[in-house]
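Coordinates in review
Letter by letter, the chains look like this.
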Amino acid sequence: MYGIVGNGETCAFISVFSSLDWLCLPAFDSPTMFARALDNINGGSITLSYDQDGTGTPFEVGEQRYLEDTNLLETTSRVGADTVRAIDFMPFGKHKLWRILGISGPDPFRLTIDVDPRPDYNRAKPKVSVLDNGLMICGPGQALMITSLERATFKKKSITFDIQPPMTIPLLLTYGSTPDEARKAADNSSHEREYQADLKFWRNYTACAFPVFDLNPRMHYYYMRSLLVLKLLTYDKSGAILAAPTTSFPEIVGEDKNWDYRFCWVRDGAYSAEALALAGLFEDSRQIIDFLLGIVQAEGKPYPYPLVSIYGDLKGTDEADIDTLVGFGNSRPVRIGNKAVGQKQNDLEGEVIHAIYTLNKYSGCGGYVEENFPKIQRIVEYVAGHWREKDAGIWELRRPYMDYVHSKTMCWAALEYGARLATLVEKRHLSSKWGLEAEKVKVDIIKNGWSEKRKCFKRAYEDDAYDASVLAIPLMNLLPVEDTMVRMAVKSITDNLGAGGLLKRFAEEPNAFMLSSLWLAQVMMKRGKVVNALDIINRAARYASSDLGLFAEEYDMYYQRLVGNIPQSFSHEEFIKSVNYLMGKE
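Below is a summary of the structure that appears in this document. In this text the structure is predicted, and so the values were computed from the model without any measurement.

In this fold, Glu586 is placed in the segment after helix 16 (569-582). Counting along the chain gives 368 residues from Glu586 to Arg218, while the straight-line C-alpha distance between them is 23 Å. In contact with Glu586, not counting residues within four places along its chain, are Lys361, Tyr362, Asn477, Lys526 and Tyr581.

We now examine helix 3 (residues 191-207). An ideal rise of 1.5 Å per residue puts 24 Å on 17 residues; helix 3 measures up with 24 Å between its terminal C-alpha atoms. Turning to helix 3, its buried residues number three or more, namely Glu194, Asp198, Leu199, Trp202, Tyr205 and Thr206. Buried residues of helix 3, viewed axially, fall in a sector of 140°; they line one side. Opposite the buried face of helix 3, by more than 90 degrees, sit the exposed residues Glu192, Lys200 and Ala207. Structurally, helix 3 contributes buried residues whose contacts are with strand 1 (2-6), strand 9 (82-89), strand 10 (96-104), helix 4 (217-232), helix 5 (266-278) and helix 6 (282-294).

Turning our attention to the nonpolar core. Core analysis: the largest hydrophobic core is formed by 198 residues, its most contacted members being Tyr223, Leu227, Tyr303 and Phe575. Among the elements that make up this core, the one with the highest residue count is helix 10 (residues 405-424) (11 residues). Setting aside residues no more than four positions away along its own chain, Tyr223 makes contact with Val212, Leu215, Ala279, Phe575, Ile576, Val579 and Asn580. By size, the runner-up hydrophobic cluster in this structure holds nine residues, among which are Trp259, Tyr261, Trp265 and Ala340.

Turning next to unusual backbone geometry. In this structure, the amide linkage connecting Leu25 to the following residue, Pro26, adopts the cis form with an omega of 5°. Residue Pro567 is reached from Ile566 by a cis peptide bond, and omega for that bond is -10°. Along the chain, the position of Pro567 falls in the loop between strand 30 (561-563) and helix 16. Positive phi, close to 55°, is recorded for Asn188, a residue that is not glycine. Within the element layout of this structure, Asn188 appears in the loop between helix 2 (179-185) and helix 3. A relative accessible area of 70% places Asn188 in the exposed class. Phi at Asn477 is positive, roughly 70°, even though this residue is not glycine. Within the secondary structure, Asn477 sits in the loop between helix 12 (472-475) and helix 13 (484-497).

This next bit is on the pattern of salt bridges. Considering all chains together, one arrives at 45 salt bridges under this definition. Measuring nitrogen to oxygen at the nearest pair gives 2.6 Å for the salt bridge that ties Lys390 to Glu462. Of the two residues, Lys390 sits in the loop between helix 9 (373-386) and helix 10 while Glu462 sits in the loop between strand 25 (456-457) and helix 12, which places them 72 residues apart along the sequence. A relative accessible area of 40% places Glu462 in the partly exposed class. The closest approach of N and O atoms between Arg505 and Glu509, which form a salt bridge, is 2.5 Å. For the residue pair Arg505 and Glu509, the accessibility class agrees, reading buried in each case. What emerges from the salt-bridge pattern is a single network uniting Arg399, Arg459, Asp463, Asp467 and Glu508.

Definitions and cut-offs
- Along each chain, the written sequence defines residue order, and numbers are assigned to residues from 1.
- Since the coordinates come from a predicted model, pLDDT governs what is reported: local features require at least 70, and pairs of side-chain atoms require 80 or more to be given and counted, while whole-chain, interface and lining totals use all residues.
- Side-chain numbers here rest on the full set of heavy atoms in the structure, without hydrogens or water.
- Helix and strand definitions here come from DSSP, where helices need a minimum of 4 consecutive H or I residues and strands a minimum of 2 consecutive E residues; each element is numbered from the N-terminal end.
- Here a residue-residue contact requires only that any non-hydrogen atoms of the pair lie within 4.5 Å.
- How far a helix is expected to stretch is found by multiplying one less than its residue total by 1.5 Å.
- When a residue's accessible area, from a 1.4 Å probe over protein chains only, is under 20% of the maximum for its type it is buried; when over 50% it is exposed; and in between it is partly exposed.
- Directions drawn from the helix axis to the C-beta atoms are what define this arc.
- By nonpolar core we mean a set of buried residues, namely Ala, Val, Leu, Ile, Met, Phe, Trp, Tyr and Cys, connected to one another through side-chain atoms within 4.5 Å.
- The salt bridge criterion pairs a side-chain nitrogen of Lys or Arg with a carboxyl oxygen of Asp or Glu, the two atoms within 4 Å.

Pasting the structure below:
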């Protein structure tokens, strides 16, 4: 697995052996410059090798950790008695990545940094120029400069240092769309100053979160790591948050369920804003909601597209297959863009309204609601007139539209919580109107969304399959958690979708899904079954996260491995919510 570092604009994956195996330039959604994470041969990477007595040896033993409460990554790699301790970080808001190599050991050796760029998903040949103190690597719309002030031998595919331990080598990677931008980013660089500044930045961020008590050290670490990941996945220039920073990490290794998640889903953004509000990070929550309100359409469906680019438009969303990378575990095809952009998903408006309600509830910032009420009204009025329409549903199944129970529930949420926000700003006529419409949606769901045969709410009115998304009914408080239908539904879903103490989304899926598993934990908490909830949360942390605390989308119980794009904002934000619910919030 990998550690991830980032700067609010893009990110890099560093392996346990200090190789850089994933980097998109110049932004999260740009083409890759290095993608060995998806193709060990053709993806490209920056790797370290050890040369003593003329024999090159890769580093054999490695371990990783994050510096406490930061996104600065420490990787320790060894060959025999010699050790390279690398600190990787990307100063927030700057176009650079520092790799500070601290080297110790008994004997001199030669350290070679092998540079194998593969611009544009290995579809373009790199142009590499050797500089006096480094390399300039260019591809279409991409430029990466690698420099070091330490004495070295620079070649087109390698940088070599003669090591006399102990020794520190600061290696600087700067980037841009052009060589001039990459050069400019290197100006006035100081690894010591920027190291201290980045430590301070991340620790100030985590210090602003509400303290969480009564968590054991391991759970506290996962909680803080989740907060740090959400910040890492946010494109700071716009406030958009990625579903994940990767594409085509497969849901099922060796098959074709490989999707590009380097976009902002309206739903994911709303969920993340809620999690940050619960955690007390109100400015970061507002930043995401500002972005979501900023892309509301003036006419028609407020959110006609389930996902947008990090800039708020449809740039790069057209789905295409990449045949120049073989995919992780030969999982083909590697995809860029995402066809779900063309789906109609009727839950989105409700997700945003509920996120605004949650932010207001915990921040007490009624002025934000009043300031943005015209857009709130625009969203809720649309839902009032269109909640009866069919859609594609939360799981984006590529099949004919249906009346999905989850979508109807979130239409109810838009009306119910919209009514509460209207009351807050003394728009009582709207509150009454929307409240009455919410009741109609609730009656419709109970009448058409229940399967007496299965003793469970259906996936859709036309499909009585078990589906974990109906847990939204008690989570949104459409029905109380002790309601007889809810109790039966929770038991049916647990009995039929349970997987090793976690929960699948639906029966057709082989893997435990983190979002639905943590939803179940939250329902258990609402029922007062804290021990059961804590067991699910602990299992999620134990199974579905890497050693560094990075959560994947799913967990393959059979092969005991993380699957899907990683780190996944869905999983991290629901972990944050679950911990806060343990602390008595909801």
